[in-house]
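Fold and contact review
Here's the letter readout for the chains.
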Amino acid sequence: MTDRIPVALVTGFLGSGKTTLISALLAHPAMGETAVLVNELGEVAIDHHLVRQVDERTVVLGSGCICCTLRGDLRDELRDLLGRRARGELEPFRRVVVETTGLADPAPVLSTLLTEPVLRHNYAVEAVVATVDAVAGAATLDRHPESVKQAAVADTLVLTKADAAAPAAVAALEARLRAVNPLAPIRRVAFGAIAPDDLLRARDHDLPATASAPQARASPHAHDVHAFSVVLDEPLDWDAFAVWLTMLLHSRGLDVLRVKGLLDVGEPGPVVLDGVQHVVHRPRHLAAWPDDDRRSRIVFITRGLEREAVLASLQAFARLGRVATAAATDVVDR
């Protein structure tokens, strides 16, 4: 990620506090030289930070941030930012923050960033942050599947307005969110007050740990979204696993909201797996394991896809991989 520009997505249902969070982040000194793509400039409290207006949709703030209104396709906007910066029309920026609409599905946005050639070359996904209203969040999860998906794909969940909700209700909501997405830490935030480093960190900061991997189904009100883990004692054949995962995502990609794991492929360190629906980030090889447990462990967040079916399928492919490896070794020995 060092040569590419980090991109953070801020998602969340209508009225959950995305704009308040972004406004507070813009005022933080650590957020200097950030380009911010928002849905409507007028909704962001930027007047007291404004230095100059570049055009009808772009302003420069005192912190050095560039704030732009999203006009249409995100792909075009991000490419346009690169072009305007290269032509000297915009100040240099070191990060991009994108606010999605309240009804947006973050998965297509991530797919665009990870698959479009120009964007993939110039940008890297830094974090996905989802805001959840502590007062209305439970009802929103019950009634709007978009909000469940936003929470499921997030790297960090920001619980807003917790100071205005009953403590018991907040605790119950946090339990529901952990069931939907056990990979994401939950931050309680009032008026957007949180340090940028607590939100905008590399996506691999919370690798799956065996002890925290869930087995139980989430709330039945969460539109059949639940999380489960798979732990494998034997090393995986990487080629066989890649074929299995490709087939799984091809047939059930819309139902695999998130998959993240550490894979033992027989090397000194694991392979980091991170995917959202049909799109999987480039696998990364770590030099060493983060703990003494060297088993493969994968956390799935799915909709209508049961752990038993996933495990049986994966184990079948793992056996095929071992058989193929043994056959190849036997041919070499001869």
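Residues numbered from 1 in each chain as written. Predicted model: local features only at pLDDT ≥ 70, side-chain atom pairs only at ≥ 80, totals over all residues. Heavy atoms only, no water.

1. Quick word on the pattern of salt bridges
Applicable threshold: Only one rule defines a salt bridge in this text: a Lys or Arg side-chain nitrogen within 4 Å of an Asp or Glu carboxyl oxygen. Here a strand is any run of E in DSSP of at least two residues, a helix any run of H or I of at least four, and the numbering for each starts at the N terminus. Exposure is judged per residue with a 1.4 Å probe applied to protein chains only, and the accessible area is read against the type maximum: over 50% gives exposed, under 20% gives buried, and values in between give partly exposed.
In this structure the tally under the stated criterion is 18 salt bridges. A salt bridge links Arg95 to Glu126, with the nearest nitrogen and oxygen atoms 3.0 Å apart. Here Arg95 is found in strand S6 (residues 95–99), whereas its partner Glu126 is found in strand S7 (residues 123–133), with 31 residues between them in sequence. Summarising the burial analysis for this pair, Arg95 and Glu126 share the class buried. Connected via shared salt-bridge partners are Asp80, Arg84, Arg87 and Glu89.

2. Regarding the confidence of the model for the protein
Rules: Values of pLDDT, ranging from 0 to 100, describe the predictor's confidence in every residue of the model. By definition, residues are in contact when any of their heavy atoms lie within 4.5 Å.
Considering every residue of the protein, the mean pLDDT works out to 79; 78% of them sit at 70 or more. Mean pLDDT per element in the protein: strand S3 (residues 50–55) is the minimum at 45, and strand S8 (residues 156–160) is the maximum at 94. Here residues 45–56 is modelled with pLDDT under 50, and outside its nearest four sequence neighbours on either side it reaches 26 contacts, counting other chains as well.

3. Let's talk about helix H3 (residues 106–115)
Inclusion rule: Directions pointing from the helix axis toward each C-beta atom define the arc.
Those residues of H3 not exposed but buried are Pro106, Ala107, Val109, Leu110, Leu113 and Leu114. Buried residues of H3 fall within an arc of 160° about the axis and therefore sit on the same side.

4. Some points on the environment of Leu257
Along the chain, Leu257 falls in strand S11 (residues 256–263). Along the backbone, Leu257 and Gly275 are 18 residues apart, and their C-alpha atoms lie at a distance of 8.2 Å. What Leu257 contacts, discounting residues up to four positions off in sequence, is Lys149, Ala152, Val153, Val225, Gly275, Val276, Gln277, Ile301, Thr302 and Arg303.

5. Digging into the pairing of strand S1 (residues 5–12)
Regular strands place their side chains on alternate faces of the sheet. Basically, it comes down to this: Any two strands between which DSSP finds at least two bridges are classified as paired.
Among the eight residues that make up S1, eight are buried, leaving the element largely enclosed by the rest of the structure. Inspection of the sheet shows S1 paired to S7 by eight bridges, in the parallel sense. Paired with Ile5 across the two strands is Tyr123, which belongs to S7.

6. Focus: the packing of aromatic side chains
Under the convention used in this document: Centres within 6.5 Å are what make two rings of Phe, Tyr or Trp a pair, Trp counting through its six-membered ring; a difference in plane orientation under 30 degrees is then read as stacked, over 60 as edge-to-face, and the rest as tilted.
Within the structure shown, the criterion is met by four aromatic pairs. Seen in terms of ring centroids, Trp244 and Phe300 are 6.4 Å apart; in terms of plane orientation they differ by 90°. Their pairing is edge-to-face. Here Trp244 is found in helix H8 (residues 238–252), whereas its partner Phe300 is found in strand S15 (residues 296–303), with 56 residues between them in sequence. You can call Phe300 buried: its relative accessible area is 1%. Through a chain of ring-to-ring contacts, three or more aromatic side chains come together here, namely Phe228, Trp238, Phe241, Trp244 and Phe300.

7. Examining the pairing of S8
What counts, and what does not: Here a crossover is taken to be right-handed if, once the strands point away from the viewer, the path from the first strand over the helix to the second is traced clockwise.
Most of S8 sits out of view: five of its five residues are buried. By the alternation rule, side chains of S8 split into Thr156, Val158 and Thr160 and Leu157 and Leu159, which are all buried. Pairing between S7 and S8: five bridges, direction parallel. From the neighbouring strand, Asp133 faces S8, where its bridge partner is Thr160. Bridging between S8 and strand S9 (residues 186–189) involves four bridges; their strand directions are parallel. When the bridges of S9 are listed, Leu157 appears paired with Ile186. For the crossover that starts at S8, traverses helix H7 (residues 167–180) and ends in the parallel S9, the hand is right-handed.

8. A word on helix H1 (residues 18–26)
Across the nine residues of H1, seven count as buried, placing the element largely inside the fold. Here H1 has its buried residues at Lys18, Thr19, Leu21, Ile22, Ser23, Leu25 and Leu26.

9. Brief notes about the environment of Arg4
Applicable threshold: Pairing of N or O atoms within 3.5 Å defines a polar contact, subject to two protein rules: one partner must be a possible hydrogen donor and the other a possible acceptor, and residues neighboring in sequence count only if both atoms are side-chain atoms.
Residue placement: Arg4 occurs in the segment before S1. Using a relative accessible area of 23% as the deciding quantity, one classes Arg4 as partly exposed. Linking Arg4 and Arg120, residues 116 residues apart in sequence, is a C-alpha distance of 8.5 Å. If we ignore the near neighbours within four places in the chain, the residues touching Arg4 are Arg120, His121, Asn122, Tyr123, Ala124 and Arg282. A polar side-chain atom of Arg4 sits 3.1 Å from the main-chain carbonyl oxygen of Arg120. Within polar-contact distance, the side chain of Arg4 engages the backbone oxygen of Tyr123 at 3.3 Å.

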